[in-house]
Amino acid sequence: MNIEEVFEDYLDDIYRYLFSLCKDHHLVEDLLQETFYRAFININDLNVNNVKPWLFKVSHNLLIDYFRKNKRNILIDEEQLQMMESGTNIEENILKDEMIKNILKVINGLPLKQKTAILLCDFHELSYEECAEVMGISLASFKSSLHRGRRKVRRLKNSEV
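These numbers were taken from a predicted model, which means no experiment stands behind them. (Residues numbered from 1 in each chain as written. Predicted model: local features only at pLDDT ≥ 70, side-chain atom pairs only at ≥ 80, totals over all residues. Heavy atoms only, no water.)

K.L.:
Looking at this structure, I do not really get the nonpolar core. What am I missing?
P.N.:
Nonpolar side chains in soluble globular proteins tend to end up buried together. Ranked by size, the top nonpolar core spans 41 residues in total, and within it L18, L55, L63, L120 and F142 carry the most contacts. Those elements that place two or more of their residues in this core are α1 (3-22), α2 (25-42), α3 (51-70), α4 (90-108), α5 (112-123), α6 (128-135) and α7 (139-160). Top element by residues in this core is α1. It accounts for eight residues. Discounting chain neighbours no more than four positions away, the residues touching L63 are L18, L21, C22, L27 and L31. (Core = buried A, V, L, I, M, F, W, Y, C linked by side-chain atoms within 4.5 Å. Buried < 20%, exposed > 50% of the residue type's maximum accessible area, 1.4 Å probe, protein only. Helix = DSSP H or I, 4+ residues; strand = E, 2+ residues; numbered from the N terminus. Contact = heavy atoms within 4.5 Å.)

K.L.:
Honestly, α5 in this entry has me stumped. Any pointers?
P.N.:
Residues three or four positions apart in an α-helix share a direction because the helix packs 3.6 residues into each turn. The first and last C-alpha atoms of α5 sit 15 Å apart over 12 residues, in line with the 16 Å expected at 1.5 Å per residue. Taken residue by residue, α5 has Q114, K115, T116, A117, I118, L119, L120 and C121 as its buried positions. Where α5 ends, the next residue or the one after it, E125, has phi of about 55°, a positive value. (Expected span 1.5 Å × (residues − 1).)

K.L.:
Could you clarify how one ought to interpret the packing of aromatic side chains in this entry?
P.N.:
Pairs of aromatic rings are described using the distance from one ring centre to the other and the angle between the two planes. Under the criterion given, the structure shown has five aromatic pairs. For the pair F7 and F36, a centre-to-centre distance of 5.0 Å together with 75° between the ring planes defines the contact as edge-to-face. One end of the pair, F7, is in helix α1; the other, F36, is in helix α2, and 29 residues separate them in sequence. The partly exposed category is assigned to F7, whose relative accessible area is 38%. (Phe/Tyr/Trp six-rings, centres within 6.5 Å; stacked < 30°, edge-to-face > 60°.)

K.L.:
When you look at the environment of V134 in this model, what are you seeing that I'm missing?
P.N.:
Considering the arrangement of structural elements, one finds V134 in helix α6. On the basis of relative accessibility, which here comes to 1%, the residue V134 falls in the buried class. Considering only alpha carbons, one finds V134 and W54, 80 residues apart in sequence, at a separation of 7.3 Å. In this view, V134 contacts P53, F56, K57, H60, N61, L120 and L126; residues no more than four positions away in its chain are not counted.

K.L.:
Mind showing me how you'd approach α2 here?
P.N.:
The end-to-end C-alpha distance of α2, which contains 18 residues, comes to 26 Å, matching closely the 26 Å that a straight helix rising 1.5 Å per residue would cover. All of the buried residues along α2 are L27, V28, L31, L32, T35, F36 and A39. In a view along the axis of α2, the buried residues occupy a sector of 155°, so they form one face of it. Within α2, the exposed residues directed more than 90 degrees away from the buried face are H26, Q33 and F40. Its buried side turned inward, α2 meets α1 and α3. Backbone nitrogen of H26 and a side-chain oxygen of the N-cap are separated by 3.1 Å at the start of α2; the cap is D24. (Arc of directions from axis to C-beta. Polar contact = N/O pair within 3.5 Å; in protein donor to acceptor, adjacent residues only side chain to side chain.)

Geometry only, nothing functional implied.
Here's what the structure looks like:
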């Protein structure tokens, strides 16, 4: 495993995760640079199976540190999601796009802990243990946040219909 492979494999995932939390492209670029710099420094110590959760944890901690240092609140804006499917008709893409935008809008309205839990688990497909480690909380606390977040998303989504 070398840093180029790590960079190519995980850059987009880490970018989307950070951008979904802060909505600031320039900040995300800075955080990505620091995240992959730390990966470069620690590349020989990293376990191949734990690289992705380790990168999420580093980037998550860097973002939290940034907000603490700058005493900023996370701004919640409507997130745009690009469909990467091909071979489906335009109407299906528009309906899927609209459905995903509505779900993301609901997710963006959640408290940070619940939003982070859903993004890490459901969008970035990390295991529960990896998510809890990234967030720096116990497994039980993570499961509780995830459950509450999913329940709120279902409730808010059903009330829109």
